[in-house]
2 protein chains.
Amino acid sequence: MTSALLTDHYELTMVQAAMDAGTANRRSLFDLFTRRLPEGRRYGVVAGLGRVIDAIENFTFSEAELAFLVERGVIRDNLAHWLADYRFSGDIWGYAEGEVYFPGSPVLSVEGTFAEACLLETVLLSIYNHDSAIAAAASRMTAMAGGRACAEMGSRRTHEWSAVASARAAYLAGFASSSNLEAGRTYGIPTIGTAAHSFTLLHDTEEDAFRAQIAALGENTTLLVDTYDVEAAIRKGVELTQGRLGSIRLDSGDLAIMARQARDLLDDLGATDTRIMVTSDLDEWQIAMLQGAPVDGYGVGTSLVTGSGHPTCGFVYKLVARADSDEPDAQWVSVGKKSKGKNTLGGRKFALRRLGEDGRAEAEVIGLGTPPVNDGNDRDLLVPVYRGGEVVYGATLDDARRHHAATRAELPDAALRISKGDPALETIILDEVGAQTTNPYQAAPVVTNL
Amino acid sequence: MTSALLTDHYELTMVQAAMDAGTANRRSLFDLFTRRLPEGRRYGVVAGLGRVIDAIENFTFSEAELAFLVERGVIRDNLAHWLADYRFSGDIWGYAEGEVYFPGSPVLSVEGTFAEACLLETVLLSIYNHDSAIAAAASRMTAMAGGRACAEMGSRRTHEWSAVASARAAYLAGFASSSNLEAGRTYGIPTIGTAAHSFTLLHDTEEDAFRAQIAALGENTTLLVDTYDVEAAIRKGVELTQGRLGSIRLDSGDLAIMARQARDLLDDLGATDTRIMVTSDLDEWQIAMLQGAPVDGYGVGTSLVTGSGHPTCGFVYKLVARADSDEPDAQWVSVGKKSKGKNTLGGRKFALRRLGEDGRAEAEVIGLGTPPVNDGNDRDLLVPVYRGGEVVYGATLDDARRHHAATRAELPDAALRISKGDPALETIILDEVGAQTTNPYQAAPVVTNL
């Protein structure tokens, strides 16, 4: 399905007006970045790049889209003619998927004609604002879970296709599995699931339900034990499997207390290998509070797919440089809006993660000129994504997952605190001659850009 | 595209186990409802029914889906064989789209075999939890906007397909238009948009940009006037159109003050018909605060598509009744989980809005027996959606929009306050003999159900 109409009306009217004025082909450079992290968050997580590439590849206008746009008066024939052949032909670079980011980090840069780069604004922002919000929440949860497995189970609490993207973002940030079957098919993410309360209630007795489940799914299945009486259910599950029950799931009540009681009971019954999975309103704080409880895995739903209080990231897509005329050999000129609280740092940028001798991250360095001589401890953050309209980024979802784990591990210890705090790294802005300059994104307010 | 894998893994494993146990064909009734409104909200808005019907119609398994499920070990051949012919064959009824709802309102009820009704759980919940969250936020915004137009502009702040559904939900709740082109094509929603700051920055001067925009889009266009200096931009826009400029848009700063200054300046320049549109971090509170400012329209982004603090509704899908055996003439039996804080009211329900002599709503009446004799002031809330597997619901999106406006107008005045409060109507539960009984959803805690 085409992504070409997952776009704001004004992108087409801007291109129409620029085409009529003869400015649509000016070379332009757009940066995708955020002026701030959500309140109290210490780092962000880049997610969505793989989906962005799919969206760009599918950004094509067929007769159906063009007819709609012309009939509605959004565009005229000259633009329709141009859109019929639309294929992004420029360059894109940015942070690798899974990388952490900070206020001002140029996580994606798009260079092309104004027309071709402008059109992608909304779909790129939609994907990054959604996927990175989920990944940031997921990363906090997996950090609190330590070595215990987190399972993504939030599909029912978000839009049906956001659910698929959420499963992908959660896996990228360390979740072990998802309940979402389309995510399993599309992205190869391991899927899990056994039974809900309705399955128990369908049967005449809990024992009937457990017998049916064990017969179909085996003794290694997970029995949901809180439909009636938890203790009786655990005893029954152990009895029916001769102590070889794979897992139980607790979905209500005080999970720390219940997990302790369930563990003691399972051990008393000899089911020492039976695992305990907990679900029910988990978020990073609940997971942290359960660190001392005998829990083997966490199922997380609502708080994950809603970004744990921050369902969007505040990414914007800003023109930061353009050709200074319509001539083929035109020079680049940096541009940027100066509205109150909505400053933009104009110009083409480099981005480095400054690392200390111990390999730990010390600062985010964003510069407008030539990168400083690398003393061996800086990591270049920008990787090529498109070159001349061709995809050159080949990292897989598993690559992104590994990259996230590695770059999160580089951060100062304070980065992983779930209490509210400042960004874990300072962003240092270097001007064209390499001198440190004012960071326009310090203490920037909440931003909506339309 | 099929919706059949927009499903949690456990729905398939439950059906597999029930099929093997011979219980998959028991007649079952599931209710979709919420135990509470988001904190402080006074009413909810049913949205998503039209999309639910599309999802059910597209809930079909082709070879590709079946091969995936079998290869992954989610299902076995007997279930794959059954799924290949899957078509929902049961009955669905519920609240009309656009209707307001309260804790416990049975907004959708699905009756069929356990297998066919169970499979729809996730996709129905995803759609209702998302769309109704957006509609509820949108309804508060349009209530505060009064007769002024609200434009939906949040596509970039949410998943690219959530954006399309959000535009639909916002329109249902009284928004006049959307920026989202796919929403325009798919749902016929009016789309609007003119230019962003990048368009001004692309050109050598603001005047060049304004000239280009006016040439392409006409004098009735909306000029974005805050890229450099607002006053100068307004003067230029009026000059270039000889006072016939359609609108200006303010996207930063203190909007109440700026709107007043802009209005005075426009009037001084003779541009008394030029409208003022404001954008930038608007939500229902900002819109309320701007009621006294000379503003003609509001563009709302982030807060709308994220449900203004409540991006999901807490809808659950619960088995409330089932056949008491596998026999064809089996009796129905009410069922319900009794977990702490997660009670479910078992049994088949009726639902009425009790209206006073003045036509204003007084209570939500949910009952398990025969509806009370209608004294002429009760409105039956349940409408048929599917009968014997056939769609019988024919309301359009415009019908839903009208229905929402009408049902919101019925509510007590306090319902439209945006301060935190209790649900605007009490929910009265009647037992099988018509006696008022305890409401299991009073003061229920936050719910996650997996």
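Computed from a predicted structure; not experimentally measured. (Residues numbered from 1 in each chain as written. Chains lettered and ligands numbered in written order. Predicted model: local features only at pLDDT ≥ 70, side-chain atom pairs only at ≥ 80, totals over all residues. Heavy atoms only, no water.)

Asks: Would you take a moment to explain the relation of the copies chain A and chain B for this structure?
Replies: Both copies of the chain are related by one operation, a rotation about an axis with a shift along it. With an axial shift of 0.0 Å and an RMSD of 0.0 Å, the rotation relating chain A to chain B amounts to 180°. Taken together, these values place the two copies in the relation of a two-fold axis. Interface overlap between copies: 100% of the residues of chain A at the interface are likewise at the interface in chain B, consistent with a symmetric, same-surface contact. (Least-squares fit on C-alpha atoms with pLDDT ≥ 70 in both. Contact = heavy atoms within 4.5 Å.)

Asks: Help me understand the sheet that holds strand E15 (residues 361–367) of chain B, please; the structure alone is not making it clear to me.
Replies: Think of a sheet as strands paired side by side through backbone hydrogen bonds, with each pair either parallel or antiparallel. All names here are of chain B. Spatial strand order, E16-E14-E15-E19-E20: five strands in an open sheet with mixed pairing. On the outer flanks of this sheet lie strand E16 (378–380) and strand E20 (436–437), each paired with one strand and no other. With six bridges joining them, strand E14 (residues 350–355) and E15 adopt antiparallel strand pairing. When the bridges of E15 are listed, Phe350 appears paired with Gly367. (Pairing = 2+ DSSP bridges. Helix = DSSP H or I, 4+ residues; strand = E, 2+ residues; numbered from the N terminus.)

Asks: Just to check I follow, could you spell out the interface of chain A and chain B for this structure?
Replies: Across the boundary between the two partners, chain A contributes 108 residues, which contact 108 residues of chain B. For Arg322(B), the salt bridge goes to Asp204(A), with nearest N and O atoms at 3.4 Å. Counting the contacts that link chain A with chain B gives 53 residue pairs in polar contact (both at pLDDT 80 or more). Looking at the side of chain A that touches chain B element by element, the count peaks at 11 residues for helix H1 (residues 9–21) of chain A. For the side of chain A that touches chain B, the residue count by class is 42 nonpolar, 40 polar and 26 charged. (Salt bridge = Lys/Arg side-chain N within 4 Å of Asp/Glu carboxyl O. Polar contact = N/O pair within 3.5 Å; in protein donor to acceptor, adjacent residues only side chain to side chain. Nonpolar A, V, L, I, M, F, W, Y, C, P; charged D, E, K, R; others polar.)

Asks: Is there a simple way to think about helix H3 (residues 63–71) of chain B in this case?
Replies: An α-helical turn contains 3.6 residues, so any two residues separated by three or four positions project in the same direction. Three or more residues of H3(B) are buried, namely Glu65(B), Leu66(B), Phe68(B) and Leu69(B). Looking straight down H3(B), one finds its buried side chains confined to an arc of 160°; they lie on one side. Facing away from the buried side of H3(B) by more than 90 degrees, the exposed set consists of Glu63(B) and Glu71(B). Against helix H8 (181–187) of chain A together with helix H1 (9–21) and helix H4 (77–84) of chain B lie the buried residues of H3(B). In the segment just after H3(B), Gly73(B) is the residue with positive phi, at about 80°. (Buried < 20%, exposed > 50% of the residue type's maximum accessible area, 1.4 Å probe, protein only. Arc of directions from axis to C-beta.)

Asks: What should I look at first to understand the sheet that holds strand E19 (residues 426–430) of chain A in this one?
Replies: Taken in spatial order, the five strands line up as E16-E14-E15-E19-E20 (chain A) in an open sheet, and their pairing is mixed. The sheet is open, and its two edges are formed by strand E16 (378–380) and strand E20 (436–437) of chain A, each paired on a single side.

Asks: Teacher, can you tell me more about the environment of Phe59(A) here?
Replies: Mapped onto the fold, Phe59(A) is located in the loop between helix H2 (49–57) and helix H3 (63–71). Separated by 177 residues in sequence, Phe59(A) and Lys236(A) place their C-alpha atoms 55 Å apart.

Asks: Is there a simple way to think about the packing of helix H11 (residues 230–240) of chain A against helix H12 (residues 255–268) of chain A in this case?
Replies: Geometrically, a packed helix pair is captured by the angle between its two axes and the distance between the axes. All names here are of chain A. The N-to-C vectors of H11 and H12 enclose an angle of 35°; their axes lie 11 Å apart at closest approach. H11 and H12 meet at a crossing whose hand is right-handed. The segment H11 lies against H12, with Val230, Glu231, Ile234, Arg235 and Val238 engaging Met258, Ala262, Leu265 and Leu266. (Axes fitted to C-alpha atoms, helices over the stretch in contact; angles between N-to-C directions. Left-handed = near helix turned anticlockwise from the far one by under 90°.)

Asks: Help me understand the packing of H3(B) against H4(B) in this model?
Replies: Residue and element names in this part refer to chain B. At a minimum axis separation of 10 Å, H3 and H4 run at an interaxial angle of 160°. Considering the angle they form, H3 stands roughly antiparallel to H4. Between H3 and H4 lies a crossing whose hand is right-handed. Within the contact between the two elements, H3 uses Leu66, Leu69 and Val70 and H4 uses Asp77, Ala80, Leu83 and Ala84. Broken down by class, the residue content of the contact of H3 with H4 amounts to six nonpolar, no polar and one charged. (Parallel < 35°, antiparallel > 145°, perpendicular 65-115°, else oblique.)

Asks: I would appreciate a short explanation of the domain arrangement of chain A in the present structure.
Replies: How big an interface is tends to be stated in terms of the accessible area lost upon association of its parts. Residue and element names in this part refer to chain A. In terms of domain boundaries, chain A breaks down into domain 1 (9–134 + 310–437) and domain 2 (150–307). Between the C-alpha centres of domain 1 and domain 2 the distance comes to 39 Å. Domain 1 puts 22 residues into the contact, and the matching count from domain 2 is 20 residues. Contact with domain 2 buries area across many residues of domain 1, yet Ile134, Leu397 and Arg401 alone supply 41% of it, more than any other trio. Linking domain 1 to domain 2 there are one salt bridge. A salt bridge links Glu97 to Arg168, with the shortest nitrogen-to-oxygen separation between them at 2.7 Å. Counting every contact that joins domain 1 to domain 2 gives six residue pairs in polar contact (both at pLDDT 80 or more). Listed by contribution, the elements that provide at least two residues to the side of domain 1 that touches domain 2 are H2, helix H6 (121–145) and helix H15 (397–410). (Domains from an automatic or database assignment. Buried area = accessible area lost by both parts, 1.4 Å probe.)

Asks: Which parts of the structure should I look at to understand the UniProt feature "domain: Nicotinate phosphoribosyltransferase N-terminal" (unreviewed entry) in chain A?
Replies: Within the UniProt annotation, "domain: Nicotinate phosphoribosyltransferase N-terminal" (unreviewed entry) is assigned to residues 5–128 of chain A. Secondary structure across residues 5–128 of chain A comprises 42% helix and 19% strand; the distance between its end C-alpha atoms is 17 Å. (UniProt positions renumbered as here; feature names shortened; annotations may be inferred.)

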